[in-house]
Amino acid sequence: MSFESDLLVWLPHLRRYARALTRDQAWADDLVQDTLERALSKWHWGRSGNLRAWLLTLLRHRFIDQLRARREIAVDDETAPWQHLPAPSNEVDGLLLRDVERALYRLPLEQREVLLLVAVEELSYQDAAKVLQVPVGTVMSRLARGRERMRALLAGPVAGDATSTRAPLKVVKHTP
Amino acid sequence: MNEPRDTSANAPENDDDARLLCALVDGELSGDERAVLLDRLAHDTAAAERVEHYRRQNAALRQLFPLPSEGASLFVQPRTPWRRLGLAAASGLVLGLALGAALPWQALPWGMGQPDFAQRADVAYAVYVPERRHPVEVTVAEQAHLLTWLSNRLKQPVAAPPLGEYGYALVGGRLLPGDSGPAAQFMYQNAAGTRLTLYITPFPQRKLALQLLREGERRTVYWANQGLGYALSGPGDEARLRAIAVDACNALGGDASAWSG
């Protein structure tokens, strides 16, 4: 039984989360690689708990560190990787994916990451709280605010209106 | 709240309500809570519309971020729901069994005589081979730099034997954590895009003649010589991999003829 083979199971999920967080393939690959190296070096037998949540936590820490290093990337910064995406043109349930994507990257980071963990990775609130190292109540408020914000943005007449959300990415210190 | 037009997003009571509606969408309500809320939604059309919108957001987000499929053949989805895997990982049993069923060990079970580095090499192959990050050949200058860097980190000179005779060119190298210090992984690729990796790590315990590790469709030939363990990993073709390993072993100062087959 090897921890490394367990790791392989979650590799596609790590890749997906990294891509969604960064919206930059090369950055995402780096993040996943860093996470794996860290996981391989930090693992010790007898460690208990949820492997996937632990891996996502490691990945998120790398991401936050790298964001700090890149400092001051605003959500609508012209140079942010997510400003230069080939926009998907299809539609799901009456929502244009292009608009959903744009709205998602207009959310403050703390709302976006919880939305990705719950809606895309399908984590329970409790596991999302573990990954984000915040209380479950905080997960719920951020999620609710994120979804409401998405709804408002998607209902808005011009999704590209820059004046509405010029919020810089806030890097939140992890407090236990 | 200074913005009269946008009342829904920030008012605290709306926030509470949004949390409740979210919990419904995310399956976080108890049976009773759920029943009460569904009753309410039957006549509260505004709330019902919000729930519907959240669901559509979820569907769109999942569509936006599909699970990456590269290397999918290597990745086995466990059959147990993932929420239970914490327990499984803690016991070290259930997931192992699920994987064991899907990726049967064809060689000796782990711990039966193989050095750990052979296992690690095999897994590192599986982990990194699907990546398409460094598709270009490493130039001679870069190769020298790579070898110097890796030799410094391993605190012993390491070399990447040329495998051009078999159609493989060196496309990159990386440093990995191993169980007895760091490990170097060299990646080779041929014109068809098939990749091999050579894993090198300190292994002072003893000298090892060439041996084979089988894991699913992957094969690893490993040996140890002069304080270093080597493992050459690749896809299925055993005979060819052995032939390449023999050459690599000789090129790296070992004596492959000690291998009896």
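All figures in this text were calculated on a predicted structure; none of them were measured in a lab. (Residues numbered from 1 in each chain as written. Chains lettered and ligands numbered in written order. Predicted model: local features only at pLDDT ≥ 70, side-chain atom pairs only at ≥ 80, totals over all residues. Heavy atoms only, no water.)

### Focus on the overall build of chain B
- Helices and strands together make up the secondary structure of chain B, namely 8 helices and 6 strands.
- Put simply, chain B runs from its N terminus to its C terminus through helices and strands in the order α-α-α-α-α-α-α-β-β-β-β-β-β-α.
- Residue burial in chain B is summarised as follows: out of 261 residues, 47% are buried.
- For chain B, restricting intrachain contacts to residue pairs at least 6 apart in sequence, the fraction spanning at least 24 positions comes to 55%.
- By element, 54% of the accessible surface of chain B is carried by carbon and sulfur atoms, the whole surface being about 13000 Å². (Helix = DSSP H or I, 4+ residues; strand = E, 2+ residues; numbered from the N terminus. Buried < 20%, exposed > 50% of the residue type's maximum accessible area, 1.4 Å probe, protein only. Contact = heavy atoms within 4.5 Å. Areas by Shrake-Rupley, 256 points an atom, 1.4 Å probe, with all protein chains shown as cover.)

### Brief notes about the nonpolar core
- Counting residues in hydrophobic clusters, the biggest one holds 92 residues, and the most contacted among them are Leu 104 of chain A together with Leu 61 and Phe 65 of chain B.
- If we ignore the near neighbours within four places in the chain, the residues touching Phe 65 of chain B are Arg 16, Ala 20, Arg 23, Leu 104, Tyr 105, Leu 116 and Val 120 of chain A.
- Listed in part, the 31 residues of the second largest apolar core include Leu 146, Val 158, Tyr 168 and Tyr 230 of chain B. (Core = buried A, V, L, I, M, F, W, Y, C linked by side-chain atoms within 4.5 Å.)

### Some thoughts on the packing of helix α4 (residues 97-104) of chain A against helix α7 (residues 136-155) of chain A
All names here are of chain A.
- At a minimum axis separation of 9 Å, α4 and α7 run at an interaxial angle of 130 degrees. The pairing of α4 with α7 is recorded here as oblique in orientation. Here α4 runs over α7; the crossing is right-handed. On the side of α4, the interface is formed by Asp 99, Val 100, Ala 103 and Leu 104, while α7 contributes Met 150, Leu 153 and Leu 154.
- A breakdown of the residues in the contact of α4 with α7 according to their chemical character gives 6 nonpolar, no polar and 1 charged. (Axes fitted to C-alpha atoms, helices over the stretch in contact; angles between N-to-C directions. Parallel < 35°, antiparallel > 145°, perpendicular 65-115°, else oblique. Left-handed = near helix turned anticlockwise from the far one by under 90°. Nonpolar A, V, L, I, M, F, W, Y, C, P; charged D, E, K, R; others polar.)

### Focus: α4 of chain A
- Within the sequence span of α4 of chain A, burial applies to Leu 97, Val 100, Glu 101, Ala 103 and Leu 104 of chain A. The arc that holds the buried residues of α4 of chain A, viewed along the axis, is 165 degrees, so those residues lie on one side.
- Residues of α4 of chain A that are buried in the fold lie against β1 (91-92), β2 (95-96), α5 (109-120) and α7 of chain A together with α3 (45-64) of chain B. (Arc of directions from axis to C-beta.)

### Points about the sheet that holds strand β2 (residues 181-189) of chain B
Residue and element names in this part refer to chain B.
- Judged by pairing direction, the sheet is antiparallel, and its 6 strands sit side by side in the order β1-β2-β3-β6-β5-β4 without closing on themselves. Because the sheet does not close on itself, it has two edges, and the strands there are β1 (169-178) and β4 (208-215). Taking the axes of each pair of neighbouring strands and ignoring which way they run, one obtains an average angle of 20 degrees across the sheet.
- Sheet contacts for helix α8 (residues 238-251): β3 (195-202), β4, β5 (218-225) and β6 (228-235); angle to β5, the most-contacted strand, approximately 20 degrees. (Pairing = 2+ DSSP bridges.)

### Comments concerning the pairing of β3 of chain B
Residues and elements named next belong to chain B.
- β3 sits mainly inside the fold: 8 of its 8 residues count as buried.
- By the alternation rule, side chains of β3 split into Arg 195, Thr 197, Tyr 199 and Thr 201 and Leu 196, Leu 198, Ile 200 and Pro 202, which are all buried.
- Of the pairings in the sheet, the one linking β2 to β3 comprises 6 bridges and is antiparallel in character. Looking at the pairing, Tyr 188 lines up with Leu 196 of β3.
- Counted along the chain from β2 to the antiparallel partner β3, the turn is 5 residues long, and its residue Gly 193 has a positive phi close to 90 degrees.
- As paired strands, β3 and β6 are joined by 6 bridges and run antiparallel to one another. The partner of Pro 202 across the bridge, within β6, is Leu 228.

### Observations regarding the side chain of Arg 142 of chain A
- Mapped onto the elements of the fold, Arg 142 of chain A is located in helix α7.
- Among residues more than four places away in sequence, those in contact with Arg 142 of chain A are Glu 110, Gln 111, Val 114 and Val 134 of chain A.

### Here's the deal with the packing of α5 of chain A against helix α6 (residues 125-132) of chain A
Residue and element names in this part refer to chain A.
- Relative to each other, α5 and α6 sit at 140 degrees, their axes nearing to 10 Å. Relative to α6, α5 is oriented oblique. Pair α5 / α6 crosses with right-handed handedness. Residue-level contacts link Glu 113, Val 114, Leu 117 and Val 118 of α5 to Tyr 125, Ala 128, Val 131 and Leu 132 of α6.
- Per-class residue counts for the contact of α5 with α6 are 7 nonpolar, no polar and 1 charged.

### As for the pattern of salt bridges
- Using the criterion set out here, one finds 18 salt bridges over all chains in the structure.
- Here Arg 98 of chain A and Asp 99 of chain A are joined by a salt bridge, their closest N and O atoms 3.9 Å apart.
- By relative accessible area, which is 31% here, Arg 98 of chain A ends up partly exposed.
- A relative accessible area of 23% means that Asp 99 of chain A is categorised as partly exposed.
- Among the ionic pairs, Arg 50 of chain B bridges to Asp 17 of chain B, the shortest N-O distance being 3.6 Å. Of this pair, Arg 50 of chain B sits in helix α3 while Asp 17 of chain B sits in helix α1 (residues 12-25); the two residues are 33 residues apart in sequence, bridging distant segments of the chain. Accessibility classification places Arg 50 of chain B together with Asp 17 of chain B in one group, the buried group. (Salt bridge = Lys/Arg side-chain N within 4 Å of Asp/Glu carboxyl O.)

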